[in-house]
Amino acid sequence: MSQAQPQARRIVDIALDEESVARRSAEVEHERAVALFDLLEDNDFALVGGEKGPYRLRIGIFEQRLVFDVRNGEDGKLRDIVLSLTPFRKVVKDYFLICESYYAAIKKLGPSQIEALDMGRRGLHNEGSELLRERLAGKIEVDHDTARRLFTLICALHIKS
């Protein structure tokens, strides 16, 4: 991020539609909280061909669609970005299955098994974040780390739909 325009490509506030949020295990809820915190601490986000930031972002599900409600720093509506949930279903399902295995393994398996599950978990997380970047192409630009954190948040929303 450029020092000259530090706010031009930043999310400064983010909220999830609480009606869309699925309640999961304590571990998954912790991941969601960490993703929210980390996203606000460090992100690279910009509307393509649109107003520069800072941005306020609301993420939710409406009529089986993922909605990014993008607003300016004063909370004025800039644009809704609407994506189909269908392309995300398999990777999110697989991600949660491996997460459940990983959290169970932490309690009873040795380091090598835990490491193998963690590598699989990170791989699926990367796959989901790349899918998100592809689906947002031409609408929103995000870097790899921002996409990973947004994917974590989408997982919290997606499962309930």
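Here the structure is a predicted model, which is why all the values come from computation and not from measurement.

### Comments concerning helix H2 (residues 86-108)
Move 1: Over its 23 residues, H2 extends 35 Å from the first C-alpha to the last, a length consistent with the 33 Å expected when each residue adds 1.5 Å.
Move 2: Among the residues making up H2, those that are buried are Phe88, Val91, Val92, Tyr95, Phe96, Ile98, Cys99, Tyr102, Tyr103 and Ala105.

### Here's the deal with the packing of H2 against helix H3 (residues 111-136)
Move 1: Close contact between H2 and H3 brings their axes to 9 Å; oriented N to C, the two are set at 155 degrees. The orientation of H2 relative to H3 falls into the category roughly antiparallel. The handedness of the crossing between H2 and H3 is left-handed. For the pair H2 and H3, contact is made by Pro87, Phe88, Val91, Asp94, Tyr95, Ile98, Cys99, Ser101, Tyr102, Tyr103, Ala105 and Ile106 and by Ile114, Leu117, Asp118, Gly120, Arg121, Leu124, His125, Glu127, Gly128, Leu131, Leu132 and Arg135, respectively.

### Concerning the nonpolar core
Move 1: Ranked by size, the top nonpolar core spans 42 residues in total, and within it Leu57, Ile59, Phe68, Val70, Ile140 and Leu150 carry the most contacts.
Move 2: No other element matches the 10 residues that H2 contributes to this core.
Move 3: When near neighbours in sequence (up to four residues on either side) are disregarded, isoleucine 59 contacts Ile14, Ala15, Leu16, Asp17, Leu66, Val67, Phe68, Leu150 and Leu157.

### Regarding the sheet that holds strand E5 (residues 77-84)
Move 1: Taken together, the 4 strands give an open sheet; going across it, the order is E1-E3-E4-E5, and neighbouring strands pair in mixed fashion. In this open sheet, the two strands that pair with only one neighbour each are strand E1 (11-16) and E5. Within this sheet the neighbouring strands show an average axis-to-axis angle of 20 degrees, counted without direction.
Move 2: Sheet topology places strand E4 (residues 65-72) next to E5; 7 bridges connect them, and they run antiparallel. Counterpart to leucine 66 in the pairing with E5 is leucine 83.
Move 3: Each of E4 and E5 touches H3; the most contacted strand, E5, lies at about 120 degrees to it.

### Comments concerning the environment of glutamine 7
Move 1: Position of glutamine 7 relative to the elements: it lies in the segment before E1.
Move 2: Along the chain, glutamine 7 and glycine 73 lie 66 residues apart, while their C-alpha atoms are 9.5 Å from each other.
Move 3: Sequence-distant contacts of glutamine 7, that is, excluding residues within four places in its chain, are made with Val12, Gly53 and Pro54.

### Some points on the side chain of arginine 149
Move 1: Along the polypeptide, arginine 149 turns up in helix H4 (residues 144-158).
Move 2: Setting aside residues up to four positions removed in sequence, arginine 149 forms contacts with Ala35, Asp38, Leu39 and Asp42.

### Looking at the layout of surface pockets
Move 1: By volume, the largest pocket amounts to about 270 Å³.
Move 2: What lines the largest pocket is a set of 13 residues, and nearest its centre among them are Glu31, Val34, His125, Arg148 and Thr152.
Move 3: Sorting the residues of the lining of the largest pocket by element identifies helix H1 (26-41), H3 and H4 as the ones contributing at least two each.
Move 4: Split by residue class, the lining of the largest pocket holds 3 nonpolar, 2 polar and 8 charged.

Thresholds applied
- Residues numbered from 1 in each chain as written.
- Predicted model: local features only at pLDDT ≥ 70, side-chain atom pairs only at ≥ 80, totals over all residues.
- Heavy atoms only, no water.
- Helix = DSSP H or I, 4+ residues; strand = E, 2+ residues; numbered from the N terminus.
- Expected span 1.5 Å × (residues − 1).
- Buried < 20%, exposed > 50% of the residue type's maximum accessible area, 1.4 Å probe, protein only.
- Axes fitted to C-alpha atoms, helices over the stretch in contact; angles between N-to-C directions.
- Parallel < 35°, antiparallel > 145°, perpendicular 65-115°, else oblique.
- Left-handed = near helix turned anticlockwise from the far one by under 90°.
- Contact = heavy atoms within 4.5 Å.
- Core = buried A, V, L, I, M, F, W, Y, C linked by side-chain atoms within 4.5 Å.
- Pairing = 2+ DSSP bridges.
- 1 Å grid on protein atoms, 1.4 Å probe; cavity = no way out; pocket = protein on both sides within 12 Å on 5 of 7 lines; lining within 4 Å.
- Points joined across faces, edges and corners; volume = space filled by probe spheres on them.
- Nonpolar A, V, L, I, M, F, W, Y, C, P; charged D, E, K, R; others polar.

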